[in-house]
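Close look at the chain arrangement
Chain residues, written in single-letter form:
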Amino acid sequence: MKSFSLTNFLRFFGSYLFISIPIFLVSLVLTLFLSWSDSFKEVYATLLNLDSDSSLHIKPANSRDGSVTIDEPTLMKLKEKLGESDNIIRNVVPRANFYGIIKSGSVDSTFTAKGIDPSKDREFITSSINIVSGEFLDTRKRDSILISTELANKLKVKSGDRVDLYTLNRDKNKEKRQEINKITVFVDGVFQSGVERRELIIIPLYLTDTLLKNSNVDEIILNLYSSNDVDRFKEALTPFLEKLNLKVESREEYRHSESLKSSFIIVSALISLLLIFLLYRTLTATLDKRDNDIKTLIHYGWSSNSILSELSKEFIIFSIFITLLNSVVLFASMEIISSLNIVPTLFTNYPVEIELAVNIQDIFIVSGVVGLATLLTSLILVRSRKIDLSGE
Amino acid sequence: MLEISNLKKGFSDRNVLNGVTFDLRIGSRTAIVGGVGSGKTALLDSILGYQKFTNGTVLFENKKLPYENSSKVVELRRRVGYLSEKNHFLKGATLYNHFKWIFKLQESQIVDLTAELELSTNLYSRVESLSEAELWRFKLALASVGAEILLIDDPLSSLSFNESVEALTLLFRFLEQRRVGLLITTSEEELIKGFYMDRVYRLTDGVLV
């Protein structure tokens, strides 16, 4: 009686698949739902990126409504100060956001513009958006923009076409916003952001100077070399920033922002409960399947130790299998999303200005953790399961 | 090989076994006749440790069997085959795989064993597809692997009288070539009349007479 489980592999494989298929279908639906729902994307993306983020965001102290910006003299003082810490800071990335009207022929639409520095922002932006036609911003051109597919479809324009941009001032009252400038630009590329109905333009930072008639920016992102430096550097910088009427935030603070706090708790609790439930159901169902086998083996003279040893081997094999299958299912679902032309990376632009990207690697890590948890729980359950020697 | 002395077992309202004493030797043939509810199954279950008894001893190879010692019980069950009323199968597995997985028998051993018990045509069938008579023969085949003594609980509980006679005919032919002790219980004395038995007991009021 050397090995029961290994020769019994295919039989158990069949029963396992029978149990696991509905569970993996639920996973698949959840993954798809996660990819379509903006709220889930925001929370999920934030959850996955909080720990690894190594950036700090410097903003005007009272910039909640976006009406206050960082002016050029302040920016210069800040850059000078930050120059003292170039061993900690990988790069300094100013960002300017504003609203305007985009016009092509007789069709027009309002838009949200994001002024970026193509040379420094490229890595972040390319990981967060998917260029579906044309190219990314060329740093040598001074009259190129990227527009979202939603906006391109609305205006019936494609990459290479000309459009007119009208900038609006930053009046708190939307009704009172006035046109302050107009410029004609080329559409360099059309992108998908993963956020539906987002009429978004990505514009080179130097073009915003022209459009806004000033060099003011909304925020400055400091990308540090190490996430370990975030808290220490933030603390060191705060007194200086306060004098300039600026504030600094790390991603950790978004977790505590009122708009996210409740959704974090609810969504995290729901996902955790769901995972625990699925794990529990999988394990109890597979163990129940084995109950009859265990009784049969006891009846024909197997000792409880040899049964436990064989079942442990069996669960190790299938826990590894769970991890692999989970990874395959998640990878396949991401491929399906891609083939449906829905961007697998997630890009959000919310009032709290969370801009995060989730890549497939993160999902593999989550999958691996779930698989490992399954493996450990399986072993604990099998080991702690009391096998009554009566076997009847 | 097995000596049962003064075995007593009671349920809430009555004692079903009131001091049962007998022994089983390798190669011997013993029958116990008793009506429904007389305690036949309780007796066999108690001997193999599936049910607890309140008093008495079971000697296994002249040593008192300590039922709290699981390794001793496991050894007992390996050497004493039990064909009970209950079914102990691996759901969905073929007959062949039962022998292969549970007992690690070689293919030739499996073929010979199933041929002797007229199961050759069912060898690669799932256990769920067997008739009652085939199922009984299959249970016999499983119980006989490595057994020095066979305990068979009332065949009439699952088979008709004629099927039981056919099954016992096959059983006795099967045992002719083997030095295996047999204890069979039945509710119908008629059933065993045509077969040679060393001893036939009647289980009445919890005792063997």
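Please read these numbers as outputs of a predicted model, since none were measured by experiment.

Before going further, it helps to examine the overall build of chain A. The helix and strand tally for chain A stands at 11 helices and 10 strands. Considering chain A as a whole, with its 392 residues, one finds that 31% of them fall into the buried category.

Attention now moves to the sheet that holds strand β1 (residues 2–10) of chain B. Residues and elements named next belong to chain B. One open sheet holds the 4 strands; their spatial order is β2-β1-β4-β5, and the pairing between them is antiparallel. Because the sheet does not close on itself, it has two edges, and the strands there are β2 (15–24) and β5 (63–64). Of the strands in this sheet, β1, β2 and β4 (55–60) touch helix α1 (residues 40–47), which is tilted by about 120° from β1.

Residues and elements named next belong to chain B. Spatially, the 6 strands line up as an open sheet ordered β6-β7-β8-β3-β9-β10, and their pairing is mixed. Here the strands that pair on one side only, and so sit at the sheet edges, are β6 (80–83) and β10 (207–208). For strand β3 (residues 29–33) and strand β8 (residues 181–186), the ladder comprises 5 bridges, and the chain directions are parallel. From the neighbouring strand, Ile32 faces β8, where its bridge partner is Thr185. Taken strand by strand, α1 contacts β3, β6, β7 (149–152), β8 and β9 (199–204), and its axis lies near 150° from that of β8.

All right, on to the confidence of the model for chain B then. Averaged over every residue, the pLDDT of chain B is 91; residues scoring 70 or more account for 100%. Interface scoring of the predicted complex returns ipTM 0.86; its pTM is 0.55.

Further remarks concern the pairing of strand β6 (residues 162–168) of chain A. All names here are of chain A. Burial along β6 is one-sided: Val163, Leu165 and Thr167 are buried, and none of Arg162, Asp164, Tyr166 and Leu168, which face the opposite way, are. For strand β2 (residues 89–104) and β6, the ladder comprises 4 bridges, and the chain directions are antiparallel. Paired with Ile102 across the bridge in β6 is Leu165. Relative to strand β7 (residues 179–192), β6 is paired through 7 bridges, and the arrangement is antiparallel. Among the inter-strand pairings, Leu165 is bridged to a residue of β7, identified as Ile183.

Bringing the nonpolar core into the picture now. B:Ile149, B:Leu150 and B:Leu151 are the most contacted members of the largest nonpolar core, which totals 61 residues. No other element matches the 6 residues that helix α5 (residues 132–144) of chain B contributes to this core. Excluding residues within four positions of it along the chain, B:Leu151 makes contact with B:Leu44, B:Val80, B:Tyr82 and B:Leu183. Counting residues in hydrophobic clusters, the runner-up holds 41 residues, among them A:Phe98, A:Ala152, A:Phe191 and A:Leu212.

Mapping A:Ile202 onto the fold places it in strand β8 (residues 200–204). Between the alpha carbons of A:Ile202 and A:Gly189 there is a distance of 9.7 Å; along the sequence they are 13 residues apart.

Residues and elements named next belong to chain A. Bridging between β2 and strand β9 (residues 219–224) involves 6 bridges; their strand directions are antiparallel. When the bridges of β9 are listed, Val92 appears paired with Leu222. The pairing of β2 with strand β3 (residues 107–116) spans 9 bridges and is antiparallel. For Gly100, the partnering residue across the bridge sits in β3 and is Phe111.

If you check helix α7 (residues 230–243) of chain A, its first and last C-alpha atoms are 20 Å apart, about what 14 residues at 1.5 Å a residue would give, namely 20 Å. Along α7(A), the sharpest change in direction is near 40° and occurs at A:Leu237; proline A:Pro239 comes one to four residues later.

Right, let's talk about helix α2 (residues 70–79) of chain B for a bit. Residue and element names in this part refer to chain B. Along α2, the residues classified as buried are Val73, Leu76 and Arg77. In a view along the axis of α2, the buried residues occupy a sector of 95°, so they form one face of it. On its buried face, α2 is in contact with β4 and β6.

Next up on the list: the confidence of the model for chain A. Residues and elements named next belong to chain A. Averaged over all residues, the pLDDT of chain A equals 69, while 51% of them reach at least 70. Every residue in residues 341–363 is under pLDDT 50, and counting partners more than four places away or in other chains gives 65 contacts. Across residues 385–392, where pLDDT falls below 50, the model places 16 contacts with residues more than four positions away in sequence or in other chains.

Let us now look at the environment of A:Val190. All names here are of chain A. Within the secondary structure layout, Val190 lies in strand β7. For the pair Val190 and Ala152, spaced 38 residues apart in the sequence, the C-alpha separation amounts to 7.1 Å. Ignoring anything within four residues of it in the chain, the contact list for Val190 reads Val132, Ser133, Gly134, Ile147, Thr149, Ala152, Lys158 and Ser159.

What counts as what
Residues numbered from 1 in each chain as written. Chains lettered and ligands numbered in written order. Predicted model: local features only at pLDDT ≥ 70, side-chain atom pairs only at ≥ 80, totals over all residues. Helix = DSSP H or I, 4+ residues; strand = E, 2+ residues; numbered from the N terminus. Buried ≥ 20, exposed ≤ 12 C-beta atoms within 10 Å, placed from the backbone. Pairing = 2+ DSSP bridges. Contact = placed C-beta atoms within 7 Å. Axes fitted to C-alpha atoms, helices over the stretch in contact; angles between N-to-C directions. pLDDT = per-residue confidence, 0-100. Core = buried A, V, L, I, M, F, W, Y, C linked by C-beta atoms within 7 Å. Expected span 1.5 Å × (residues − 1). Bend = angle between axes of the 7 residues up to and from the residue. Arc of directions from axis to C-beta.

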